[in-house]
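A look at the structure
The chain contents come next:
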Amino acid sequence: MKTLTADEIAAQALSLPRPEREHVAEALLASLRVDPVVEAAWTEEIRRRIRDIDSGKTTLIPAEEVLKEVEELLR
């Protein structure tokens, strides 16, 4: 029996109806065994960052501006 490559598996999975794709995606994500404590910490960090942005405590900088600064620092 031929072993499928990851690209072949992905192509086959993408041809499935949406409910079956969701099932495959959920199974794959579950197989990564995310530590619930780590997941909860990241969720809280994301919420904190969103609160900081919404409240004006944190100001977003456009990516173009950041990349320009990085390029200047590397020169």
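Here the structure is shown first, and the text comes after it.
As a starting point, this report considers the structure included with it.

About the criteria used
Every chain is numbered independently, its residues counted from 1 as its sequence is written. Since the coordinates come from a predicted model, pLDDT governs what is reported: local features require at least 70, and pairs of side-chain atoms require 80 or more to be given and counted, while whole-chain, interface and lining totals use all residues. In computing side-chain properties, one takes all heavy atoms of the structure into account and sets aside hydrogens as well as water. A run of H or I in DSSP becomes a helix once it reaches four residues, and a run of E becomes a strand once it reaches two; helices and strands are each numbered from the N terminus. Just to be clear, the radius of gyration here is over C-alpha atoms, and the globule rule we use is 2.2 Å times residues to the power 0.38. The cut-offs for exposure are 20% and 50% of the maximum accessible area for each residue type, with area from a 1.4 Å probe on protein chains only; residues under the lower value are buried, those over the upper are exposed, and the others partly exposed. Whenever Lys or Arg places a side-chain nitrogen within 4 Å of a carboxyl oxygen from Asp or Glu, that contact is recorded as a salt bridge. Any two residues having at least one pair of non-hydrogen atoms within 4.5 Å are treated as being in contact. Patch rule: a residue counts if its relative accessible area is over 30% and it has no salt bridge; like charges are joined within 9 Å, and nonpolar side chains (Val, Leu, Ile, Met, Phe, Trp, Tyr) within 5 Å. Using a 1.4 Å probe, accessible areas were evaluated by the Shrake-Rupley method; residue-level cover was limited to the displayed protein chains. Given a helix with a known number of residues, its expected span is that number minus one, times 1.5 Å.

Across its full length, the protein chain holds four helices and zero strands. Helices (α) and strands (β) of the protein chain occur, in sequence order from the N terminus, as α-α-α-α. A globule of 75 residues ought to have a C-alpha radius of gyration of about 11 Å, yet the protein chain, at 20 Å, is considerably larger. For the protein chain, the C-alpha atoms occupy an extent of roughly 55 × 35 × 25 Å along the three principal directions. In the protein chain, which comprises 75 residues, the proportion classed as buried is 1%.

Here the focus is the pattern of salt bridges. Taken as a whole and judged by the stated rule, the model has six salt bridges. With a shortest N-O distance of 2.7 Å, E45 and R49 are connected by a salt bridge. Of this pair, E45 and R49 both sit in helix α3 (residues 36–55), separated by four residues, roughly a single helical turn. Given a relative accessible area of 21%, E45 falls into the partly exposed group. Each of E45, R48, R49 and D52 takes part in a single network of salt bridges with overlapping partners.

Mapped onto the secondary structure, D52 falls in helix α3. The class of D52 is buried, set by a relative accessible area of 11%. Once residues within four sequence positions are removed from consideration, D52 is found in contact with K57 and T58.

The grouping of V38, W42, I46 and I50 at the surface amounts to a nonpolar patch, some 390 Å² of accessible area in total. In this fold, V38 is placed in helix α3. You can call V38 partly exposed: its relative accessible area is 41%.

Another point: helix α2 (residues 18–31). Its 14 residues give α2 an end-to-end C-alpha distance of 20 Å, which sits within 8% of 20 Å, the value for a rise of 1.5 Å per residue. The element α2 is largely exposed, with a buried count of zero among its 14 residues. Following α2 by one or two positions, R33 has its phi on the positive side, about 50 degrees.

For the rest of this paragraph, the subject is the environment of L4. Inspection of the secondary structure assignment puts L4 in the segment before α1 (6–14). Contacts of L4, omitting those with residues within four sequence positions, involve I9 and Q12.

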